[in-house]
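# A look at the structure
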Number of protein chains: 2
Amino acid sequence: VGSSLEGHVTPIRGGVSLDMMRMNRVLAIHPQDLDAVVQPGVTRKELNAALKGTGLFFPVDPGADASLGGMAATRASGTNAVRYGTMKDAVLGLEAVLADGRIIRTGGRTKKSSAGYDLTRLLVGSEGTLGIITELTLRLHGLPEAISAAVCAFPGVEAAVTTVIETIQMGLPVARIEFLDEAQIAACNAYSKLDLAIAPTLFLEFHGSDTAVAEQAETFGEIARDHGATGFDWAAREEDRNRLWAARHDAYWAAKAASPGAGVYVTDACVPISRLAECLLETRADIDASPLTGMMVGHVGDGNFHVVLLIDPNSEADAREVERLTARIAERALAMDGTVTGEHGVGLGKMRFMRAEHGPALDAMAEIKRALDPLNILNPGKIVEIN
Amino acid sequence: VGSSLEGHVTPIRGGVSLDMMRMNRVLAIHPQDLDAVVQPGVTRKELNAALKGTGLFFPVDPGADASLGGMAATRASGTNAVRYGTMKDAVLGLEAVLADGRIIRTGGRTKKSSAGYDLTRLLVGSEGTLGIITELTLRLHGLPEAISAAVCAFPGVEAAVTTVIETIQMGLPVARIEFLDEAQIAACNAYSKLDLAIAPTLFLEFHGSDTAVAEQAETFGEIARDHGATGFDWAAREEDRNRLWAARHDAYWAAKAASPGAGVYVTDACVPISRLAECLLETRADIDASPLTGMMVGHVGDGNFHVVLLIDPNSEADAREVERLTARIAERALAMDGTVTGEHGVGLGKMRFMRAEHGPALDAMAEIKRALDPLNILNPGKIVEIN
């Protein structure tokens, strides 16, 4: 769900956009080193198809089949970041074209280095404002021997989130742990033909050896039942797992289908996990008090959640209400030591919160932007305004 | 082993140094969020002592009880980076004083964010050249339920490294996997009163539940025996593990003790793991052809290794030979897609290789340095020269 879908298009000054989708070659796969070198237009599913037979996979999964260049530019993540990290962790090195046409290569193929400034991480998440990414070296992971997925329902949001906190805190290496609220479950049931209980729900996945996966599932089950979880549904067969995760990834479409003709606006906040239950409950109260309908989904192992708001695309009043609600969500995230965007990026929509989130650090960002793109030709007006 | 020992002292222009060791308070521990906020002079052992009773620990372990500020400034790592990452992964956010006195806060307490440039990762590893780190928010991990350590000997360097590659490739979540060559094992036997076979050796550690640790150890044992490993010695008791790792961490002192009165110079290269066996063998040939004595140790799960060279501190010829050997090691690492420093940082010694490693990206580093420290007052002459 989100802006990484459009990340492969980089606007440059004068209304021109660069579309990188034709740079779509997998340049190298190094199975011994667990890395691959790709052009930016390769999508994550294309890369995983190219990895077939190697025993390896590329884990970052924002749901959509986004281009890897776009995912890097927006520092995308998704459902299994809780185990495998985000694009910040996945990109070992890259090639980029700077504003004046110079081509630089950053990082490399080693797992670590202390040789100077981390330009790789500076470019990842820079949304095309510092350079155009033309090649990526990506970290791969071994396909787990066994995968098991589960769904369970909770008596309330707090019970679900407390279960997540205890799971993370005891170091259980859960591969995915996703929250869906009652409204979202109802929409998913209708859209994906499921019959889940209408309750705050966690979707989970465990990766590892057969015994490790079984043990993780058992340990999680104990924690969850302590917090009143019911309706455990385990899916070890690939078919059942795929159906489950398809439903999760179709949450956006399920929301859309719940109100035919409606537009959809998706928020994206992230808070320390200790504040997450409070944050979700206050946000739910906001939605309930609003004329708009909203559903909540979250990558709760990371404290990241989205509200999927249904709007009339032709209504000025709805547009104003979206602006009001997103501001409340952003301000609440910041008040709770969080961030206004966990994974979708700044784009245009979050520009108004950058000063509140970063304070004087925003000026340091402007100084870096001015140093690398003094004429402000690369995606001008994004992340930080320079004059 | 290395420069992170001195990382807490930041030279500023005019020969003045800033010593941060009196900023030594642990400011906050957030057990639910698995993070802690510390001042830069807190050492990693002090932080772990403060975490006692929380069930959490701070994993980055360069051997020495370095300050966390120094470890961040040099992007330090060490023996368990293969499982828990380096300081790049451990620092969630920081406070820094810029060259003009402005104080900025970067990152935060959330596990992820897509809100703008990653100034946290830019400052981590910047060796005090872009700002003085005055506070760190660090990611913690749950103490594993069980820990098991092992030593085993191999018929050759290639057999040991192939074992490492297969272990990593199958996704075995080994917590430490360290290589010591024959010369280093001999020195460790003498210094730490061990009786290990004089052979290329791996030291390992597994973290997890009781069953997970047992299973990992068994799987590793199968791989290792396939490559001729012998003399397995398992240490599940804390006392035995501590003795083993004390010996590994005392490798530097063992080397020094092997030649009383000698000085020690430590190199630090890192290559893709597929090139590691070749790199170690060629480096061993270099040492054997040199008048100097050298021992090799490596964080081989990451492709990172050190040569511990024994020198006469008063000999000009030895100094020249060190310079020649370190240049050969650095150039070989670069020719193999590696880096001239895996974890010790650039300092003065690696300045001469920065252009070869980074090419035009070094100019981008200079532009960032000039933008953030135009008067060149922060640790001038390190990482990149500006005029």
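I will try to describe carefully the structure that is included in this document.

Looking at the element boundaries, B:Cys270 is found in strand β15 (residues 269-270). With relative accessibility at 0%, the residue B:Cys270 sits in the buried group. Contact partners of B:Cys270, with chain neighbours within four places excluded, come to A:Thr110, A:Lys112, B:Asp302, B:Gly303, B:Asn304, B:Ala333, B:Gly338, B:Thr339 and B:Gly342.

At the interface, 76 residues of chain B touch 76 residues of chain A. Together, the buried faces of chain B and chain A total about 6100 Å²; carbon and sulfur atoms form 56% of this surface. Counting the contacts that link chain B with chain A gives 8 salt bridges. Linking chain B to chain A there are 40 residue pairs in polar contact (both at pLDDT 80 or more). For the side of chain B that touches chain A, the secondary structure elements donating two or more residues are α4 (87-90), β7 (103-107), α5 (119-123), α6 (157-169), α8 (210-226), α13 (354-358) and α14 (361-372) of chain B. The biggest single contributor to the side of chain B that touches chain A is α14(B), with 9 residues. The residue makeup of the side of chain B that touches chain A, split by class, is 30 nonpolar, 26 polar and 20 charged.

Applying the stated criterion to the full structure yields 53 salt bridges over all chains. The salt bridge involving B:Arg248 is made with B:Glu178; its shortest N-O contact spans 2.6 Å. Highlighted residues: B:Arg248 in helix α9 (residues 238-249) and B:Glu178 in strand β11 (residues 174-180), separated in sequence by 70 residues. Relative accessible area serves as the criterion here: at 3%, B:Arg248 is assigned to the buried category. Residue classification places B:Glu178 among the buried positions, given a relative accessible area of 0%. When the shortest N-O distance is used, the salt bridge between B:Arg332 and B:Asp286 registers 3.0 Å. Of the two residues, B:Arg332 is situated in helix α12 (residues 316-335) and B:Asp286 in helix α11 (residues 276-288); the sequence distance between them amounts to 46 residues. Classification of B:Asp286 as buried rests on a relative accessible area of 10%. One connected set of salt bridges, linked through shared partners, spans A:Asp33, A:Asp35, A:Arg109 and B:Asp337.

For the rest of this paragraph, the subject is the packing of helix α14 (residues 361-372) of chain A against α14(B). The N-to-C vectors of α14(A) and α14(B) enclose an angle of 135 degrees; their axes lie 9 Å apart at closest approach. When the axes of α14(A) and α14(B) are compared, the pair comes out oblique. In this structure, α14(A) crosses over α14(B), and the sense of that crossing is right-handed. Side by side, α14(A) and α14(B) meet where A:Ala364, A:Glu367, A:Ile368, A:Ala371 and A:Leu372 of the first sit next to B:Ala364, B:Glu367, B:Ile368, B:Ala371 and B:Leu372 of the second. Among the residues forming the contact of α14(A) with α14(B), the class breakdown is 8 nonpolar, no polar and 2 charged.

Okay, helix α9 (residues 238-249) of chain A next. Given 3.6 residues per turn, any residue in an α-helix points the same way as the ones three and four places further on. Residue and element names in this part refer to chain A. Given a rise of 1.5 Å per residue, 12 residues ought to cover 16 Å, and the 16 Å separating the end C-alpha atoms of α9 matches this to within 8%. Within α9, burial applies to Arg241, Leu244, Trp245, Ala247 and Arg248. The buried residues of α9 occupy one face: seen down the axis, they fall within an arc of 150 degrees. Residues of α9 that are exposed and point over 90 degrees away from its buried face: Glu238 and Glu239.

What follows deals with the nonpolar core. By size, the foremost hydrophobic cluster in this structure holds 184 residues, and its most contacted members are A:Phe58, A:Met87, B:Phe58 and B:Met87. Setting aside chain neighbours within four positions, we find B:Phe58 in contact with B:Arg44, B:Leu47, B:Asn48, B:Leu51, B:Leu68, B:Met71, B:Met87, B:Ala90, B:Leu138, B:Arg139 and B:Leu140.

Between chain B and chain A, the superposition needs a rotation of 180 degrees and an axial shift of 0.0 Å, giving an RMSD of 0.0 Å. Expressed as a symmetry operation, the mapping of one chain copy onto the other fits a two-fold axis. When the interface residues of chain B are mapped onto chain A, 100% of them again fall at the interface, so both copies present the same face.

The next subject is the packing of aromatic side chains. On inspection of all chains with the given rule, the structure shows 14 aromatic pairs over all chains. Ring centres 5.7 Å apart and planes at 10 degrees place the aromatic pair A:Phe232 and A:Trp234 in the stacked group. Residue classification places A:Phe232 among the partly exposed positions, given a relative accessible area of 22%. Accessibility expressed as a relative area gives 37% for A:Trp234, which makes it partly exposed. Through a chain of ring-to-ring contacts, the aromatic side chains of A:Phe206, A:Phe220, A:Phe232 and A:Trp234 assemble into a single cluster. The residue whose ring lies beneath A:Arg176 is A:Trp245, and the NZ or CZ to ring-centre distance is 4.9 Å. Across the ring face of B:Phe232, the terminal group of B:Arg225 is positioned such that the distance to the ring centre comes to 5.2 Å.

A few words now on the environment of B:Val151. Residue and element names in this part refer to chain B. Residue position: Val151 is located in strand β10 (residues 146-153). Along the backbone, Val151 and Ser192 are 41 residues apart, and their C-alpha atoms lie at a distance of 15 Å. Among all residues touching Val151, those that are not within four sequence positions of it are Leu196, Thr201, Leu202, Phe203, Gly231, Phe232, Asp233 and Leu244.

On to unusual backbone geometry, then. Even without a glycine there, the phi angle at A:Lys193 is positive, about 55 degrees. By the secondary structure assignment, A:Lys193 is in the loop between α7 (182-192) and β12 (201-208).

Criteria and thresholds
- Residues numbered from 1 in each chain as written.
- Chains lettered and ligands numbered in written order.
- Predicted model: local features only at pLDDT ≥ 70, side-chain atom pairs only at ≥ 80, totals over all residues.
- Heavy atoms only, no water.
- Helix = DSSP H or I, 4+ residues; strand = E, 2+ residues; numbered from the N terminus.
- Buried < 20%, exposed > 50% of the residue type's maximum accessible area, 1.4 Å probe, protein only.
- Contact = heavy atoms within 4.5 Å.
- Buried area = accessible area lost by both parts, 1.4 Å probe.
- Salt bridge = Lys/Arg side-chain N within 4 Å of Asp/Glu carboxyl O.
- Polar contact = N/O pair within 3.5 Å; in protein donor to acceptor, adjacent residues only side chain to side chain.
- Nonpolar A, V, L, I, M, F, W, Y, C, P; charged D, E, K, R; others polar.
- Axes fitted to C-alpha atoms, helices over the stretch in contact; angles between N-to-C directions.
- Parallel < 35°, antiparallel > 145°, perpendicular 65-115°, else oblique.
- Left-handed = near helix turned anticlockwise from the far one by under 90°.
- Expected span 1.5 Å × (residues − 1).
- Arc of directions from axis to C-beta.
- Core = buried A, V, L, I, M, F, W, Y, C linked by side-chain atoms within 4.5 Å.
- Least-squares fit on C-alpha atoms with pLDDT ≥ 70 in both.
- Phe/Tyr/Trp six-rings, centres within 6.5 Å; stacked < 30°, edge-to-face > 60°.
- Lys NZ or Arg CZ within 6 Å of the ring centre and 35° of its normal.

Fair warning: the whole summary comes from geometry, so function is off the table for now.
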